[in-house]
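Now for the letters of each chain:
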Amino acid sequence: HVLVNAYDFAKESYVLPHTDGPAYDDRTFTLSCGADAVVVFKERLKTSDIGVRAAATRCEVLLRRRSLLAFSREAYTECTHEIGAAPDTIGLCCVNLDAANARVGDVVGRA
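Residues numbered from 1 in each chain as written. Predicted model: local features only at pLDDT ≥ 70, side-chain atom pairs only at ≥ 80, totals over all residues. Heavy atoms only, no water.

**Student:** How should I be thinking about the packing of aromatic side chains in this particular structure?
**Tutor:** When we look at a pair of aromatic rings, we describe it by the centre distance and by the angle of the planes. Tallied over the entire structure, the rule returns 1 aromatic pair. A centroid spacing of 4.8 Å and a plane angle of 85 degrees characterise the contact between Phe 41 and Phe 71, whose relative ring orientation is edge-to-face. You can see Phe 41 sitting in strand β3 (residues 37-43) and its partner Phe 71 sitting in strand β5 (residues 67-72), a full 30 residues away along the chain. Exposure remark for Phe 41: the relative accessible area of 3% places this residue in the buried category. (Phe/Tyr/Trp six-rings, centres within 6.5 Å; stacked < 30°, edge-to-face > 60°. Helix = DSSP H or I, 4+ residues; strand = E, 2+ residues; numbered from the N terminus. Buried < 20%, exposed > 50% of the residue type's maximum accessible area, 1.4 Å probe, protein only.)

Here you go:
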């Protein structure tokens with residue numbers, strides 16, 4: 001199953017928190033063609049917790065333009081993923097600082 005989304009970050013600078021559902025067989029690949037972005041993984045709330053409390057951030061991944069992010073298992077089944085409004089600031093829970101040549105506090109735009 002393949003789904004291709006094109007986001008025009010000049011108009012909308014974010015992707016709302018979501019899960020991808022059962023059609024993907026517990027794995028997802030995200031390709032960034034034109035801009036850097038921080039993908040944020042948060043706990044998937046129980047229905048009874050939605051609107052009652054905020055989901056805790058599990059981790060962030062800096063997705064550089066022309067990069068591919070693959071995730072599965074708990075990241076797929078137990079978390080939502082999102083891209084926050086630009087500009088992004090790299091936080092303490094970014095798991096790929098060295099690989100992305102980034103530091104906590106770096107600001108990531110979407111030019």
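**Student:** Mind showing me how you'd approach the pattern of salt bridges here?
**Tutor:** Side chains that carry opposite charge are capable of pairing whenever their charged atoms lie near each other. Counted under the stated rule, the structure contains 5 salt bridges. Among the salt bridges present, the one from Asp 36 reaches Arg 64, with a minimum N-O distance of 2.9 Å. Taken together, the residues Asp 36 in the loop between β2 (27-32) and β3 and Arg 64 in the loop between β4 (57-63) and β5 connect sequence positions 28 residues apart. Here Asp 36 falls in the buried class, since its relative accessible area comes to 17%. Between Arg 103 and Asp 106 there is a salt bridge, with the nearest N and O atoms lying 3.7 Å from each other. Residue classification places Arg 103 among the exposed positions, given a relative accessible area of 59%. The network of salt bridges with shared partners includes Glu 43, Asp 49 and Arg 53. (Salt bridge = Lys/Arg side-chain N within 4 Å of Asp/Glu carboxyl O.)

**Student:** Explain the sheet that holds strand β1 (residues 15-18) here, please?
**Tutor:** Strands belonging to one sheet form pairs held by backbone hydrogen bonds; the direction of such a pair is parallel or antiparallel. Taken in spatial order, the 4 strands line up as β1-β6-β3-β4 in an open sheet, and their pairing is antiparallel. Where the open sheet ends on each side, the last strands, each with one partner, are β1 and β4. Adjacent strand axes in the sheet meet at a mean angle of 15 degrees when their direction is disregarded. The sheet contact formed by β3 and strand β6 (residues 79-83) spans 5 bridges and is antiparallel. Note that in β6 the partner of Lys 42 across the bridge is Thr 80. (Pairing = 2+ DSSP bridges. Axes fitted to C-alpha atoms, helices over the stretch in contact; angles between N-to-C directions.)

**Student:** How do you make sense of the side chain of Glu 82 when you look at a structure like this?
**Tutor:** In this structure, Glu 82 sits in strand β6. Setting aside its immediate chain neighbours within four residues, Glu 82 contacts Val 15, Leu 16, Pro 17, Val 38, Val 39, Val 40 and Lys 42. (Contact = heavy atoms within 4.5 Å.)

**Student:** I tried to follow the pairing of β4 on my own but got confused; where do I start?
**Tutor:** Taking burial as the measure, the 7 residues of β4 include 5 buried ones, the bulk of the element. Bridge analysis of β3 against β4 gives 6 bridges, and the strand direction is antiparallel. Bridging from a neighbouring strand, Ala 37 pairs with Leu 63 of β4.

**Student:** I would appreciate a short explanation of the environment of Val 107 in the present structure.
**Tutor:** Its location among the elements puts Val 107 in strand β8 (residues 107-108). For Val 107, a relative accessible area of 56% puts it in the exposed group. C-alpha of Val 107 to C-alpha of Pro 87: the two residues are 20 residues apart in sequence and 6.5 Å apart in space.

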